[in-house]
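# Coordinates in review
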Amino acid sequence: MGNTKKRPAKFLSALLLAPTIFLATFGIASAQEDEFYLDGKQPIEKRVDDLLSRLTLEEKVSLDHANSSLSTAGVPRLGIPELKMDDGPFGVGEEVGERFRVLNQTDDFATAMPSTLGLAATWNINLAFEFGAVIGQEAKQRGKNIMLGPAMNIQRTPLCGRNFEYMGEDPFLTSRTAVNYIEGEQAQGVFSCAKHFAANNQEYDRDSINEIIDERTLREIYLPAFRAAVQEAHVMAVMGAYNQVNGQYCCENQHLLNEILKDEWGFKGVVISDWGAVHHTDPAALNGLDIEMCSRPPFEKFNLANPFLEKLKTGKIPVSVLDEKVRRHLYVVFQLDLIHAPSGKNTIVSTAAQTPLSTKAHQEIARKVAEESFVLLKNKELLPLNVARLKTMAIIGGNAMAKFSYDGGSAKIKAPYEITALEGISNYLNGKAKIIYAKGYYPPDSSNSVPGDGSKLVAEAVAAAKSADAVVYVGGLNRKEGFDHEGWDRRDLKLPAGQDELLGKIVEANPKTVVVLIGGGAVEMGHAWLSRVPALLYAWYPGMEGGNALASVLFGDVNPSGKLPCTFPKKLADTPTTALDAYPGTNGTVIYKEGLLVGYRWYDTKKIEPLFPFGYGLSYTRFKYSKLKLVPDSNSKKSVTVEFELANTGGRAGAEIAEIYVQPVNPEVFRPLKELKGFRKVFLKAGEKQNVSVTLGADAFAYYDAGQKGWIAKEGEYKILVGSSSRDIRLDDKFKLR
Ligand code: GLC
């Protein structure tokens with residue numbers, strides 16, 4: 001369990017008021033007798049059937065494919081509006097035309113939230129709800145019905161170019177973060193779209209790579225977040241991925257779409273393809289795809305358009321297959337309350353021009369997420385910086401002046417502004433100390449080339465460091481192709497543009513150097529500097545308020561509380577996919593040889609020391625764990641409540657993420673050494689103590705048995721580990737599952 005769910009009242013009241021406002025505002029005509037489907041008092045299923053019966057074959061087919069880059073056609077004569085979609089996971093994308101051509105409108109700026117890998121690093125489920133709600137509110141205002149996010153694929157290799165869009169290496173943390181994000185977004189009256197189903201774990205060859213994944217690994221690692229999105233958050237759209245899984249494209253995959261998603265999990269919404277991810281009409285039609293999306297017209301030529309219509313007319317595919325798709329589409333439309341009397345005026349009026357989209361309140365939430373996402377990886381009495389002792393500060397690094405939100409591929413956001421690290425720090429200092437800026441290195445552009453001679457920049461950076469009382473270095477990666485960008489993977493884990501060497505020279509020139517790294521995951525950290533810098537902070541992609549959030553943490557207004565949602569290995573060779581030569585695959589096929597051993601599961605089981613472990617993060621204060629008590633459920637004995645005391649023993653307020661792992665004792669089947677099955681983020685004043693209680697249900701002990709096609713929580717002994725990170729276990733005890 002994450003921290004306890006405290007739903008902000010304002011979101012729930014908005015939800016309750018929405019239909020009333022909607023009906024009052026748009027004056028939905030009371031349904032005449034013969035327009036049963038318009039009668040909002042009738043059960044949705046019956047309204048769907050009635051409306052379905054009124055559609056022609058051609059109209060039905062028009063509902064199962066795109067009619068523009070980001071929408072499907074409506075049927076105006078029956079009052080069915082277009083379904084309008086937009087990217088993406090960090091905010092509402094700008095308006096585009098065909099082939100995603102940007103329209104450069106002036107009324108479509110949106111709040112650029114931090115990356116969702118950063119959101120996962122907060123381990124704060126209430127913040128995840130607010131994150132989704134911000135995007136949902138702005139999407140509603142922009143007249144969007146389905147937002148194409150959150151992205152929730154598991155980080156299988158730190159090289160994947162879209163890890164910044166995902167939520168890390170662990171299925172449980174990803175599930176909790178995604179469920180709360182979706183609940184927040186859907187509470188605003190728009191639907192989320194869980195993507196990319198399933199196992200879109202690399203960008204290399206993404207359009208066709210065939211991933212060979214054993215069923216147990218699929219179930220225990222790559223599907224849990226999607227299952228939670230469907231069964232807990234009731235997500236109403238799922239996006240089929242580009243890749244193949246076990247020989248079938250995800251958008252044509254009988255096992256994934258029909259057998260698991262729809263039949264087993266009971267998914268009632270629509271399966272939308274990724275853009276251009278459909279290759280064949282029959283398997284797409286028969287294996288569970290509901291809407292084919294792509295940005296490249298002519299839309300009539302899509303697999304689920306005329307070719308499908310032909311097969312329906314000739315009886316090669318029964319119309320019942322089409323009806324199943326249209327029923328889902330109409331179910332979504334009714335759930336969104338979008339049906340209006342055919343004679344009524346268009347009910348969905350974009351209010352973008354009327355009210356500001358990216359409000360101050362939304363920007364404050366973006367800042368809060370960024371502040372809580374930062375992970376303090378090292379601090380030898382340097383942070384927080386004391387402004388009173390600073391006459392001159394050197395801010396060094398290409399990333400200190402860089403903006404990131406409008407890069408990265410489909411996750412890019414056009415924000416009204418973006419505060420860089422340099423701006424945030426100078427805003428904070430406000431003249432109280434002199435700032436010297438030195439670029440230090442040229443951030444590599446999309447061709448990964450470095451524009452210009454770096455040696456001059458290095459000399460300037462060293463000089464700046466020498467002349468300052470303290471240095472804040474801001475480097476790392478960016479969201480250009482080849483680093484953190486859709487469609488590309490990183491080639492290695494190295495800091496680009498000679499930053500390792502540069503950092504060695506900077507810390508030589510001034511030992512009081514804080515290193516801030518921006519990026520979408522692990523980088524190898526050269527010993528030229530890592531052992532010598534006193535402070536290291538990882539900032540992910542912190543969104544439009546990132547610079548202000550960074551200053552708040554550096555100068556101590558905010559105590560950092562983030563923890564790693566993904567392992568930082570010492571070197572690429574230590575990662576499972578490199579060690580097993582299981583990435584990027586050969587001849588179009590990649591075999592998931594590592595199986596369940598993804599992330600810390602690998603490093604723990606193989607006893608490989610990481611640079612910084614999963615779940616690791618420091619604070620400006622200290623926490624003490626004590627009084628562990630395991631209270632088995634009196635009835636089932638299949639669940640246990642983990643109780644312990646957490647105390648803030650330091651001198652200032654802070655938040656601690658207590659992590660709970662389950663470690664089977666002598667399991668009969670192969671199992672990872674330990675797995676995250678609970679966590680709680682606890683905010684404590686200096687000296688404050690709190691009793692923490694987290695219940696682990698039977699599912700916390702279960703593994704998936706592919707032979708029996710089900711989950712098994714085997715009776716026997718399990719260690720319950722309570723820790724500050726996956727490698728810093730503070731309390732443990734044994735529990736006997738009956
Ligand atoms: C892209 C991405 C997907 C995005 C879609 C629409 O190819 O894979 O995440 O939502 O197309 O832009």
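All of the points below concern the structure found in this document.

What counts as what
- Residues numbered from 1 in each chain as written.
- Predicted model: local features only at pLDDT ≥ 70, side-chain atom pairs only at ≥ 80, totals over all residues.
- Heavy atoms only, no water.
- Near = heavy atom within 4 Å.
- Polar contact = N/O pair within 3.5 Å; in protein donor to acceptor, adjacent residues only side chain to side chain.
- Areas by Shrake-Rupley, 256 points an atom, 1.4 Å probe, with all protein chains shown as cover.
- Nonpolar A, V, L, I, M, F, W, Y, C, P; charged D, E, K, R; others polar.
- 1 Å grid on protein atoms, 1.4 Å probe; cavity = no way out; pocket = protein on both sides within 12 Å on 5 of 7 lines; lining within 4 Å.
- Points joined across faces, edges and corners; volume = space filled by probe spheres on them.
- Helix = DSSP H or I, 4+ residues; strand = E, 2+ residues; numbered from the N terminus.
- Buried < 20%, exposed > 50% of the residue type's maximum accessible area, 1.4 Å probe, protein only.
- Contact = heavy atoms within 4.5 Å.
- Phe/Tyr/Trp six-rings, centres within 6.5 Å; stacked < 30°, edge-to-face > 60°.
- Pairing = 2+ DSSP bridges.
- Axes fitted to C-alpha atoms, helices over the stretch in contact; angles between N-to-C directions.

Now for the site of the ligand. Around the ligand sit 13 residues, and of these D87, K195, H196, Y242 and D274 come closest. For the ligand, an oxygen atom lies 2.6 Å from a polar atom in the side chain of D274. Interatomic distance of 2.9 Å between a side-chain N/O atom of E486 and an oxygen atom of the ligand. In the complex, the protein chains occlude 95% of the 310 Å² of accessible area that the ligand would expose alone. Broken down by class, the residue content of the shell around the ligand amounts to 5 nonpolar, 2 polar and 6 charged.

Where empty space is left in the structure can be found by rolling a water-sized probe over the atoms. The computed volume of the second largest pocket comes to approximately 670 Å³. Around the second largest pocket sit 31 residues that line it, and F172, P224, R227, K677 and D699 are the ones nearest its centre. Breaking the lining of the second largest pocket down by element, the ones donating at least two residues are helix 6 (171–186), helix 7 (215–222), helix 8 (224–231), strand 22 (675–684), strand 23 (689–696) and strand 25 (710–712). Each residue belonging to the lining of the second largest pocket can be placed in one class, and the counts come to 15 nonpolar, 4 polar and 12 charged.

Before going further, it helps to spend a moment on empty space enclosed by the protein. Per the counting criterion, the structure on display carries 3 cavities of 30 Å³ or more. Every residue lining the largest cavity is counted, 14 residues in all, and those nearest its centre are I419, T420, A421, I518 and P542. For the lining of the largest cavity, a count of residues per class yields 8 nonpolar, 5 polar and 1 charged. As a volume, the second largest cavity reaches approximately 80 Å³. What lines the second largest cavity is Q155, R156, T157, P158, E169, T567, P569, P576, V598, G599 and Y603.

Looking now at unusual backbone geometry. Here the amide bond leading from G149 into P150 is cis, since omega sits at 0°, within 30 degrees of zero. Within the fold, P150 resides in the loop between strand 4 (146–147) and helix 6. The residue after K195, namely H196, is reached through a cis peptide bond having omega 0°. A positive phi angle, close to 60°, is found at A497, a residue other than glycine. Its place among the elements puts A497 in the loop between strand 15 (470–476) and helix 16 (499–509).

A few words now on the side chain of H362. Residue placement: H362 occurs in helix 13 (residues 360–373). On the basis of relative accessible area, H362 is assigned to the buried category, the value being 6%. In contact with H362, other than residues within four places in its own chain, are T111, V134, Q137, E138 and L357.

Glancing now at the packing of aromatic side chains. For any pair of aromatic rings, the description rests on two quantities: the centre-to-centre distance and the angle between the ring planes. Under the definition given, this model contains 23 aromatic pairs. Seen in terms of ring centroids, Y600 and Y661 are 5.9 Å apart; in terms of plane orientation they differ by 85°. Their pairing is edge-to-face. On the criterion of sequence distance, the pair formed by Y600 in helix 19 (residues 600–605) and Y661 in strand 21 (residues 654–664) is long-range, its members being 61 residues apart. Y661 carries the same exposure label as Y600, and that label is buried. Ring centres of Y625 and F644 lie 6.0 Å apart, and the angle between their planes is 15°; this geometry places the pair in the stacked category. Taken together, the residues span a long stretch of sequence, with Y625 in strand 19 (residues 623–632) and F644 in strand 20 (residues 640–648) at a distance of 19 residues. For the pair Y625 and F644, a shared accessibility class is recorded, and that class is buried.

Whether parallel or antiparallel, the strands of a sheet pair through hydrogen bonds between backbone atoms. Taken in spatial order, the 5 strands of this open sheet run 1-2-3-4-5, and their pairing is mixed. Looking along the sheet, the strands with just one partner apiece sit at the ends: strand 1 (66–68) and strand 5 (191–192). Where helix 12 (residues 319–335) meets the sheet, its contacts fall on strand 2 (71–72), strand 3 (83–86), strand 4 and strand 5, and the angle it forms with strand 3 comes to roughly 85°.

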